[in-house]
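If you want the building blocks of each chain, they are given just below.
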Amino acid sequence: MAAAAFPELVRYLRCIYLGESPTVYGWGVNDGNGGLAAQLLRRFERGTHQGDVLGPLIHAFARHPALQALAARHPRCTVLGLHDGGSVISPVEELAAVMRSAAELGAKVDAELAPAKCAAWSPTPRAPPADLADQWRPAGLTYFGIPVGGAEFVNAEVDQTGAAHARVVRAVASLPPDAVQAQLLLLRMCAAPLVTYALRCLPPAAATALAKGVDSTIRRALLHLLRAEDDFRGTRRAHVARAALPVPMGGLGLGGRSVVTSAAHVASLLATWRAVDLPAPALRELVRALSALPAVTAPGSPALGAAPPTTAGGGSRTPPAEWGGTSAWLALAGNAAAATPPTLEPPLSAAPLGVASPASLAAFASEGGLWGPLLPRLQVCLSACVAKATPAATGSPGRSPFESVAPPSPHLFLSLPPPLHTATIPAAGLLRSLGGVPDSWGAMLAAPTRPTQRQLAQAAHLAAARGMRASLSLAARARWAACCGHGSGLWLNRLPCCGRLGGAMKGAEMVVAVRLWLGISPVTHASARECRCGEIADPLGSHWLGGCPRSVPLRSFRHTEVLQRVATVLRVDPRWTGDVAEPPLPAGEQSPALRPDLRATRVASGAPLWGGVSVVAATAANHVSRTAGSPRVPGAARVRETEKVGKYTPYLPAGDPPHTFTPLVWEASGRVGPATASFLALALGEENHREALSGLLTDVSLSLWRWNARIVWARVANSFRMGGALLAAPPLVAHLLH
Amino acid sequence: MEHLRALTVAGSDALVRVVQLLSSADGVDQVPPVARRALCAANLLLLVKPGGVDAAGVPGLRPIGMPETIRKLVGKALMREVLPEARRYFVPLQREVSVSGACEDLVHEADARLALEPTWGVLQLDFKNAFNKISI
């Protein structure tokens, strides 16, 4: 059979599973006598190898005849198999017979049914059927990890999910205080995604409740992590709002699950319906019914739990209180009247695959009765998704020292592209181009590329960001924009390892850096300060990161570290030779001030290359308008690159092959200059070989933020609070400041 | 895996040739038995299940197998080759092969099915230790 279905696999299977000597699994456990207990040796004779990539395929192949026979024996049932489990949807009276058949047919392929682990449930409350009393779950059951059943059962299960998530967060929070970097990574990469699957599959009301609890837990942990409990309430609020945004938008991707709950559910449904050859008649009918529904109304109207829409999908059997999907699926235990089944004529289950539904059925569906509360629930979910993706009314621009300078562009983070469903957008550009969410299921389903959760969530985050940005000063907008995109957030993904180049940041430095990243002062209750140079500095230290003469020594260290990272990577790359950082002057040099930072020779062509490293503060006074006005462009880096090229190129020595110069410019917030990015991609990037490039960009990003933290922390401590006393400088940097 | 990622272009080409050899119809026969055994081996990480020890004093263990990387590459190459055919063969009865987000598929499908037939029920089936017992 295997040979007929998958002839490509026969050799592989023969080699792996029919070798001369069966594989033996063994593991060492001290048996008390220094030896290996015999019972811990396992000869592999049946089943699939643990970890075999083809294991699920082989297992499915072996089990398939049993499932085929089960489906044939019970033709009205829907049989759904997945790995070692499965489910059957059928008339309740037939469930016991189905279970007996499953046991009998499973035994023929060596699959032993575990009746104690089987469970059954029906949306319509009723007495347990005969022979199924042990399996019957009147309140509901957990179906592939998702609780389905009455509201009480679903809520209890959701609470348990939230509690399990909270345990993980507590475990992360209990790590030593100096492990802030690891804690942040664990929160972002482990704790936050734990509930993604549940949010995608749970009905909206339950998912909203779960997201609310999860967000609350994460926010508490984050505020504790960043020593923000004593901040002003407004500061804390801004803190968590900004942290909820994804990293490319200047956030942390923590605590924003409530924003994307509806987006997750919609994306999950779209992913299920993505296949043009939907396997299930029910899904095909559902897609057809949804495509006929009208567009949802403008943002703000019907939100989750609001009054039902008055459209064709409104339905008539479900009380308004249940429109938000209080319980999982449509079932409402104890509400038999609401769950009274419609009479289908003929029943959909009897319809052969691929045959269009009869006219009477379609008409019934168009009235919303066929699907019960499902269509209205999905319509409300889409409405919430659209509302989340639509920005609120723009507020006043706020107060700022730079307020008189108007932003040159009305666009905020992204320009608004054409609606997704009317534009043919290359897959690579889809994420960036998404600016809105189609307002009807029909448009969603007709889109050339159906939106993913990431894209829908980005639209929701974008709307939230626009609302937050409206009230900010120009300087704050610039600080925020400087953290958006272009590799600025790479440092947040760096794993902390030991060693000088290991990428570990001290806990205190990490706290300061993350607070700066979120646009919060590194110290609690911060106010404007008077620098030792006589200038007034804002609490976030833009003055010190850019133009303060007092911070030049620290900025020089930052520059040197970046230079050394670039030189090191070029030095170990076989395509470059003669790499020297801070080289001697070229022959016939005009001025010591024009010495570039780096020299290297391309092995292939022998062409000498000169490089000039620079770190520019995008939030310095001369760049703030540019940065805030065109947040999608690293404008400060671009200007510095142009300056560098104009400054050095005329003085390059003549030669054959000719000498060239490349700027290596980063903004202090980590954004890479466009010419720099192009050069590094050409110099280090290679298809399937991007480790060196991504490693360099990440390391430089980390270095920049580490020094940002050190510079601001040191200068805050060595400046005068307006009317206050001089604070003690951190010991690490105090000796560098005078 | 990192050591394979660090290969130069020549090394990558050699690796591709090895994978092609092992996934070809006749290639497997050319591999010496000793090398074949090594390629078939897997490191086994054992996680202790909660619940203490059994009557024999042995804790419940959940083995996590980690096969040889080259074998995984060969398996992935073969899998990619047979995926379209596997989808036609298994779907809609089974979803673990060639269906991404299979659990979500099942949840939404059951949702739709029970929306149409609210008097019906769902029965979850569980088979004991199925991966280690079922064989072709």
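Predicted, not measured: the structure shown is a model, and the values here were computed from it.

Chemist: Mind laying out the overall build of chain B, listing which residues take part and the relevant values?
Modeler: When its secondary structure is counted, chain B shows 7 helices and 3 strands. For chain B, the sequential pattern of α-helices and β-strands runs α-α-α-α-β-β-α-α-β-α. A compact globule built from 136 residues should have a C-alpha radius of gyration of about 14 Å, whereas chain B, at 21 Å, is more than 25% larger. Counting over 136 residues, chain B shows a buried share of 35%. Considering only residue pairs separated by 6 or more positions, chain B has 31% of its internal contacts joining residues 24 or more positions apart.

Chemist: Lay out the overall build of chain A with the relevant residues and their values.
Modeler: Along chain A, the regular secondary structure elements total 25 helices and 15 strands. Out of the 738 residues belonging to chain A, those deemed buried represent 46%. Across chain A, contacts joining residues at least 24 apart in sequence account for 66% of those joining residues at least 6 apart.

Chemist: Help me get a handle on the confidence of the model for chain A, residues and values and all.
Modeler: Residues and elements named next belong to chain A. Across chain A, the average pLDDT comes to 77, with 74% of residues at 70 or higher. For residues 298–368, every residue scores under 50 in pLDDT, and the model assigns this stretch 148 contacts once sequence neighbours within four places are set aside. In the predicted structure, residues 394–435 sits below a pLDDT of 50 and forms 69 contacts with residues beyond four places in sequence or in another chain.

Chemist: How would you explain the packing of helix H8 (residues 204–225) of chain A against helix H9 (residues 233–243) of chain A if you had to name every residue and give the values?
Modeler: Residue and element names in this part refer to chain A. Two numbers describe how H8 lies on H9: the axes approach to 11 Å, and their chain directions differ by 115°. Where H8 crosses over H9, the two elements pack in a sense that is right-handed. Contacts between H8 and H9 involve Arg219, Leu222 and Leu223 from the former and Arg236, His239, Val240 and Ala243 from the latter. Grouping the amino acids of the contact of H8 with H9 by side-chain chemistry returns 4 nonpolar, 1 polar and 2 charged.

Chemist: Provide a residue-level description of the sheet that holds strand S13 (residues 608–616) of chain A, including the pertinent values.
Modeler: Pairing between the strands of a sheet is mediated by backbone hydrogen bonds and can be parallel or antiparallel. Residue and element names in this part refer to chain A. Strand order in the open sheet formed by 4 strands is S11-S12-S13-S14, and the pairing between neighbours is mixed. Among the strands making up the open sheet, the edge pair consists of strand S11 (576–581) and strand S14 (660–667). Put simply, the sheet's adjacent strands are angled 20° from each other on average, direction ignored. Strand direction decides the pairing type here: S11 and strand S12 (residues 598–602), joined by 4 bridges, are antiparallel. From the neighbouring strand, Val580 faces S12, where its bridge partner is Arg599.

Chemist: Can you lay out the environment of A:Ala528 for me, pointing to particular residues and giving the numbers?
Modeler: Residues and elements named next belong to chain A. With respect to the helices and strands, Ala528 occurs in the loop between helix H18 (507–517) and strand S9 (529–530). The partly exposed category is assigned to Ala528, around which 13 C-beta atoms lie within 10 Å. C-alpha of Ala528 to C-alpha of Val195: the two residues are 333 residues apart in sequence and 41 Å apart in space.

Chemist: Residues and numbers for the pairing of strand S8 (residues 146–149) of chain A, please.
Modeler: Side-chain alternation along S8(A) places A:Ile146 and A:Val148 on one buried face and A:Pro147 and A:Gly149 on a second face that is also buried. Where strand S7 (residues 140–143) of chain A folds back onto S8(A) in an antiparallel hairpin, the turn is made up of 2 residues, including A:Phe144, whose phi is positive at roughly 50°.

Chemist: Provide a residue-level description of the pairing of strand S2 (residues 59–67) of chain B, including the pertinent values.
Modeler: Relative to S2(B), strand S1 (residues 42–53) of chain B is paired through 8 bridges, and the arrangement is antiparallel. Bridge pairing in S2(B) places B:Val53 opposite B:Pro59.

Chemist: Tell me about the interface of chain B and chain A, residues and numbers included.
Modeler: One frequently used descriptor of interface size is the decrease in accessible area upon assembly of the parts. Tallying the contact residues gives 72 residues for chain B and 100 residues for chain A. For the side of chain B that touches chain A, the secondary structure elements donating two or more residues are helix H4 (33–40), S1, S2, helix H5 (69–90), helix H6 (102–116), strand S3 (120–128) and helix H7 (130–133) of chain B. Tallying contributions element by element places H6(B) first for the side of chain B that touches chain A, with 15 residues. Residue composition of the side of chain B that touches chain A, grouped by class: 43 nonpolar, 11 polar and 18 charged. Across 2 bridges, strand S5 (residues 112–113) of chain A lies against S3(B) in antiparallel orientation. Bridging from a neighbouring strand, A:Leu113 pairs with B:Phe127 of S3(B).

Chemist: Could you give an account of H18(A), naming the residues involved and the relevant values?
Modeler: All names here are of chain A. By the criterion of burial, H18 is predominantly enclosed, with 9 of the 11 residues buried. Against helix H6 (180–191) and helix H24 (691–717) lie the buried residues of H18. Once H18 finishes, Gly519 follows within two positions and takes phi at roughly 80°, a positive value.

Chemist: Tell me about the nonpolar core, and please be specific about residues and values.
Modeler: One recurring pattern in soluble globular proteins: nonpolar side chains tend to sit buried together. Counting 210 residues, the largest nonpolar core has A:Leu210, A:Cys385, A:Ala460 and A:Val566 as the members making the most contacts within it. No other element matches the 13 residues that H24(A) contributes to this core.

Chemist: So what's going on with unusual backbone geometry? Residues and values would help.
Modeler: Following A:Asp656, the chain continues into A:Pro657 via a peptide bond in cis, with omega recorded as 0°. Tracing the backbone through its elements, the reader meets A:Pro657 in the loop between helix H22 (635–648) and S14. In this structure, the amide linkage connecting B:Val91 to the following residue, B:Pro92, adopts the cis form with an omega of 10°. Turning to its location among the elements, B:Pro92 is positioned in the loop between H5 and H6.

Chemist: Talk me through the confidence of the model for chain B; I want residue IDs and the actual numbers.
Modeler: Residues and elements named next belong to chain B. Across chain B, the average pLDDT comes to 82, with 94% of residues at 70 or higher. Confidence, read as mean pLDDT per element, is least for H7 in chain B (70) and greatest for S3 (92). Predicted complex metrics record ipTM = 0.89 and pTM = 0.80.

Chemist: Pulling in residues and values, what's your account of helix H2 (residues 10–17) of chain A?
Modeler: Every buried residue of H2(A) is accounted for by A:Tyr12, A:Ile16 and A:Tyr17. Taken down its axis, H2(A) places every buried residue within 95° of arc, on the same side.

Chemist: So what about the packing of H18(A) against H24(A)? Which residues, and what values?
Modeler: All names here are of chain A. It is at 8 Å that the axes of H18 and H24 come closest, and there the two elements cross at 95°. Comparing their axes, H24 and H18 come out roughly perpendicular. Of H24, the residues touching H18 (which contributes Glu509, Val512, Ala513 and Leu516) are Trp705, Arg706, Asn708, Ala709, Arg710, Val712 and Trp713.

Procedures and definitions
- Residues numbered from 1 in each chain as written.
- Chains lettered and ligands numbered in written order.
- Predicted model: local features only at pLDDT ≥ 70, side-chain atom pairs only at ≥ 80, totals over all residues.
- Helix = DSSP H or I, 4+ residues; strand = E, 2+ residues; numbered from the N terminus.
- Rg over C-alpha atoms; globule rule 2.2 N^0.38 Å.
- Buried ≥ 20, exposed ≤ 12 C-beta atoms within 10 Å, placed from the backbone.
- Contact = placed C-beta atoms within 7 Å.
- pLDDT = per-residue confidence, 0-100.
- Axes fitted to C-alpha atoms, helices over the stretch in contact; angles between N-to-C directions.
- Left-handed = near helix turned anticlockwise from the far one by under 90°.
- Nonpolar A, V, L, I, M, F, W, Y, C, P; charged D, E, K, R; others polar.
- Pairing = 2+ DSSP bridges.
- Core = buried A, V, L, I, M, F, W, Y, C linked by C-beta atoms within 7 Å.
- Arc of directions from axis to C-beta.
- Parallel < 35°, antiparallel > 145°, perpendicular 65-115°, else oblique.

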